[in-house]
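Here is how the chains run, residue by residue.
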Amino acid sequence: MAYDKFNILKSRAVPLKIENVDTDQIIPARFLKAVERVGFGDNLFRDWRYDQKGKLKNDFILNNSLYEGKILVGGKNFGSGSSREHAAWAIYDYGFRCVISSFFADIFKNNCMNIGVLPVQVSESFLQKIFKNIELNPKSNFEVNLLEQKVSIIDTKEFELFEINPYKKENLLNGFDDIDYLINLKDQISAFANKTPF
Amino acid sequence: MSKTLFDKVWDTHVVKKVNNGPDVLFIDRHMVHEVTSPVAFLGLKNRKLSVLYPNKTFATADHNTPTINQHLPVKDSLSANQLKTLERNSKNFGISFWGLGHKKNGIVHVIGPEYGITLPGATIVCGDSHTSTHGAFGAIAFGIGTSEVEMVLSTQCIMQVKPKKMRINVNGKMGKGVTPKDIALFIISRLSTSGATGFFVEYSGSVFTEMSMEGRMTVCNLSIEMGARGGMIAPDDKTFEYIKNREFTPKDKNWSNSMKYWKTLYSDEDSKFDKEYYFDANEIEPMITFGTNPGMGISITKGIPSIKNNGEGSISYKKSLNYMGYSEGDEMIGKKIDFVFLGSCTNGRIEDFRAFAKIIKGKKKNPDVTAWLVPGSHKVLESIKEEGILNILNESGFELREPGCSACLAMNDDKIPIGKYAVSTSNRNFEGRQGPGARTILASPLVAAAAAITGQITDPRTLF
């Protein structure tokens, strides 16, 4: 098993009401020098969380003790930019298991699913409802049900269904990854390789 | 059935179609660098797997390398460790490694084409989003994450849902002072940074047919900046001429057989795209960015658009202008700048240095400007010397650095200081991209050269 299984996540959420959050913000390049997957959570949103002297910036949402939880809610076009999986690792390592947004960049979305963080794409209007709900009650809970592909606002009982590739869903539910699948295709792959021109 | 260029290449690489799932796609070429590979190699060790096809895998060091005194030990211990780790992994897994100091070393997306690793009709991946560069040769090339690097190392395959298809047509004549970078920045400004998310792009039209291979690489490189997985251009005589007789290009009978296949690589006349855009090159001027994503670009002669013209997202827009220290309506021309960066996988090729030299020749670098000129590879560096460009640069007060990614992502010491303005020929103007607090203005090598001479944003057409 490559990572924790994902089934139902019931949690509070942290609202990051910014659009086009790119992977350089999620984890700046100067923190990509490790050769093992450890400690990336410490530098999640580094330059938004800390000032130049390493002091916490009080106006950043992650530094506001009102908000916590395993769900990160971001504005549209979340995760654009670099292909660094370190961005997904940082989000995971910090303690998030799910990111909700109205639109995700492709590579970031794949990276999340490959390490067991569930990217949930909702409509812009539902995203605004989630933001509103957290604003009214920072302690409100949300439920993300992967099997039913459903995300719910517990307080208001409102919900929305989300899409996910059935193969990827199965992987996440079981904690499998693509290598587990591909290893079983070894003969087929080598037969294919023998026919390729390059 | 009629097919697009993208379909033709994709479909011939599908090993298996998974029911309701992604395709298992065979990868012809896998480029590896020091930053996104160590955890993948660690994964192989933990699973007791080997690299399935070491001869299809090529490793180089670029992201984390210094651009001065490359012959000395790397000072930053974390960087040095990452570079050593790649060297050790390459050796242990039997992969060719062109590390720091190697004569073939350079930015992964610059050296791939230089040595004929990049071929038409091939599938190419790398743990770097600008892998889209290689699409200039009619390859399907895209960036991947580290889990996927591990996947390709161990199985030479990747599992991907087939993207939708977009075609961007640009016809007409490129005006004076307009470069491939301007064409790309213009398209991104129209589509936004997410306008092509979920799509693979084909660039078509007379502008791209007439463009050099270097120019095509610049355009395809920037595909990711509008969200596309990749961009490609149908191979033609220019492509074949470029790749012929390079180290890894097929030779003799293999060449003629390959040519037969490559000549079939174009979108059939009645093939269908999910989305199509048409632009007129005559309307495109030299471009410049004013904000903190590559979609925030305008003609250099224009002012910064106001928020009400920008629709939703006004909080993010304000935050962005605030970071840059700019206001709505500001003219970009005349704004003071502190740094100039010529280089990166976007504009670090010989043609870019030629363009830069054309502007600065016979003039002097502005004394208030710090200029970092970083060739994309040792091969580019050699050409700069051979063509006499180095002399032109030196006479104008510029120095040349050694190859690498450098200030594009500022992983090494090449960091723009807090609050300073840098005109950069690279690909991203995100907050802090070129160093904490750095303010990046993306532009072409011509605009960068003009700024280096005057110390402010200048229309390069006034300096010809």
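Residues numbered from 1 in each chain as written. Chains lettered and ligands numbered in written order. Predicted model: local features only at pLDDT ≥ 70, side-chain atom pairs only at ≥ 80, totals over all residues. Heavy atoms only, no water.

(A) Representation of the overall build of chain B. Looking only at helices and strands, chain B features 16 helices and 18 strands. Its C-alpha atoms give chain B a radius of gyration of 21 Å, near enough to 23 Å, the size a compact globule of 464 residues would have. Reported as C-alpha extents along the three principal axes, the dimensions of chain B are approximately 55 × 55 × 45 Å. A total of 464 residues make up chain B; the buried ones form 67% of that total. Once local pairs closer than 6 in sequence are excluded, the contacts in chain B between residues at least 24 apart make up 75%. For chain B, the accessible surface area stands at approximately 16,000 Å², while carbon and sulfur atoms represent 50% of it. (Helix = DSSP H or I, 4+ residues; strand = E, 2+ residues; numbered from the N terminus. Rg over C-alpha atoms; globule rule 2.2 N^0.38 Å. Buried < 20%, exposed > 50% of the residue type's maximum accessible area, 1.4 Å probe, protein only. Contact = heavy atoms within 4.5 Å. Areas by Shrake-Rupley, 256 points an atom, 1.4 Å probe, with all protein chains shown as cover.)

(B) Spotlight on the pairing of strand S3 (residues 29-32) of chain B. Residue and element names in this part refer to chain B. Burial of the side chains of S3 extends over both faces: Arg29 and Met31 are buried on one face and His30 and Val32 on the other. Pairing of S3 with strand S6 (residues 123-126), which is carried by 3 bridges, proceeds in the parallel orientation. Counted as the bridge partner of histidine 30 is valine 125 from S6. When S3 meets strand S4 (residues 57-60), the two strands line up parallel, connected through 3 bridges. When the sheet's bridge partners are listed, valine 32 is paired in S4 with alanine 59. Considered for its hand, the β-α-β crossover made up of S3, helix H2 (residues 38-47) and S4 is right-handed. (Pairing = 2+ DSSP bridges. Right-handed = clockwise from strand over helix to strand, strands pointing away.)

(C) Quick peek at helix H10 (residues 252-262) of chain B. All names here are of chain B. The complete set of buried residues in H10 reads Trp255, Ser258, Met259 and Trp262. All buried residues of H10 fall inside an arc of 105° around its axis, so they share one side. Facing away from the buried surface of H10 by more than 90 degrees, the exposed residues are Lys253 and Lys260. (Arc of directions from axis to C-beta.)

(D) Region of interest: the packing of helix H4 (residues 106-115) of chain A against helix H5 (residues 146-155) of chain B. One can describe the packing of H4 of chain A onto H5 of chain B by two numbers: an axis separation of 8 Å at closest approach and a directional angle of 75°. Classed by the angle they form, the pair H4 of chain A and H5 of chain B counts as roughly perpendicular. Here H4 of chain A contributes Asn110, Asn111, Asn114 and Ile115 of chain A to the contact with H5 of chain B, which in turn contributes Ser147, Glu148 and Met151 of chain B. (Axes fitted to C-alpha atoms, helices over the stretch in contact; angles between N-to-C directions. Parallel < 35°, antiparallel > 145°, perpendicular 65-115°, else oblique.)

(E) Examining the nonpolar core more closely. Counting 111 residues, the largest nonpolar core has Phe45, Phe78, Ile100 and Val144 of chain A together with Phe356 of chain B as its most contacted members. It is helix H16 (residues 445-454) of chain B that provides the largest number of residues to this core, a total of 8 residues. Counting only domains with at least three residues in this core, you end up with domain 1 (5-160) and domain 3 (287-462) of chain B. When near neighbours in sequence (up to four residues on either side) are disregarded, phenylalanine 356 of chain B contacts Val340, Leu342, Leu373, Leu393, Phe398, Pro445, Ala448, Ala449 and Ala452 of chain B. In this structure, Val9, Phe186, Cys220 and Ala228 of chain B belong to the second largest nonpolar core, which totals 95 residues. (Core = buried A, V, L, I, M, F, W, Y, C linked by side-chain atoms within 4.5 Å. Domains from an automatic or database assignment.)

(F) Here's a closer look at the environment of glycine 303 of chain B. All names here are of chain B. With respect to the element layout, glycine 303 can be found in the loop between strand S14 (297-299) and helix H11 (314-324). According to the relative accessible area criterion, glycine 303 is partly exposed, its value standing at 26%. Distance from glycine 303 to glycine 329, taken between C-alpha atoms, is 5.1 Å for residues 26 residues apart in sequence.

(G) How the structure looks around the interface of chain B and chain A. Counting residues at the interface gives 77 residues for chain B, matched by 56 residues for chain A. Around 5,300 Å² of area is buried between chain B and chain A when both sides are counted, 61% of it from carbon and sulfur atoms. Here chain B is connected to chain A by 4 salt bridges. The closest approach of N and O atoms between aspartate 76 of chain B and lysine 33 of chain A, which form a salt bridge, is 2.9 Å. Secondary structure elements with two or more residues in the side of chain B that touches chain A: strand S1 (14-17), strand S2 (23-26), H2, helix H3 (77-93), H5, strand S8 (157-160), H10 and H11 of chain B. Residue composition of the side of chain B that touches chain A, grouped by class: 31 nonpolar, 30 polar and 16 charged. (Buried area = accessible area lost by both parts, 1.4 Å probe. Salt bridge = Lys/Arg side-chain N within 4 Å of Asp/Glu carboxyl O. Nonpolar A, V, L, I, M, F, W, Y, C, P; charged D, E, K, R; others polar.)

(H) Layout of the side chain of serine 152 of chain A. Here serine 152 of chain A lies in strand S7 (residues 150-153). In contact with serine 152 of chain A, not counting residues within four places along its chain, are Asn141, Phe142, Glu143, Glu158 and Phe159 of chain A.

(I) Structural detail: the pattern of salt bridges. Residues and elements named next belong to chain B. Counted according to the given criterion, the structure contains 29 salt bridges over all chains. Among the salt bridges present, the one from lysine 8 reaches aspartate 268, with a minimum N-O distance of 3.0 Å. Within this pair, whereas lysine 8 is found in helix H1 (residues 5-11), its partner aspartate 268 is found in the loop between H10 and strand S12 (275-280), the two being separated by 260 residues in sequence. Of the two residues, lysine 8 and aspartate 268, both sit in the buried class. When salt bridges with common partners are traced through the structure, they connect Lys3, Asp7, Asp11, Lys162 and Lys165 into a single cluster.

(J) Region of the structure containing the domain arrangement of chain B. Residue and element names in this part refer to chain B. When cut into domains, chain B gives domain 1 (5-160), domain 2 (164-283) and domain 3 (287-462). For domain 1 and domain 2, the distance between their C-alpha centres works out to 22 Å. Across the interface of domain 1 and domain 2, roughly 2,800 Å² is buried in total on both sides, 62% from carbon and sulfur atoms. At the boundary of domain 1 with domain 2, the tally comes to 17 residue pairs in polar contact (both at pLDDT 80 or more). (Polar contact = N/O pair within 3.5 Å; in protein donor to acceptor, adjacent residues only side chain to side chain.)

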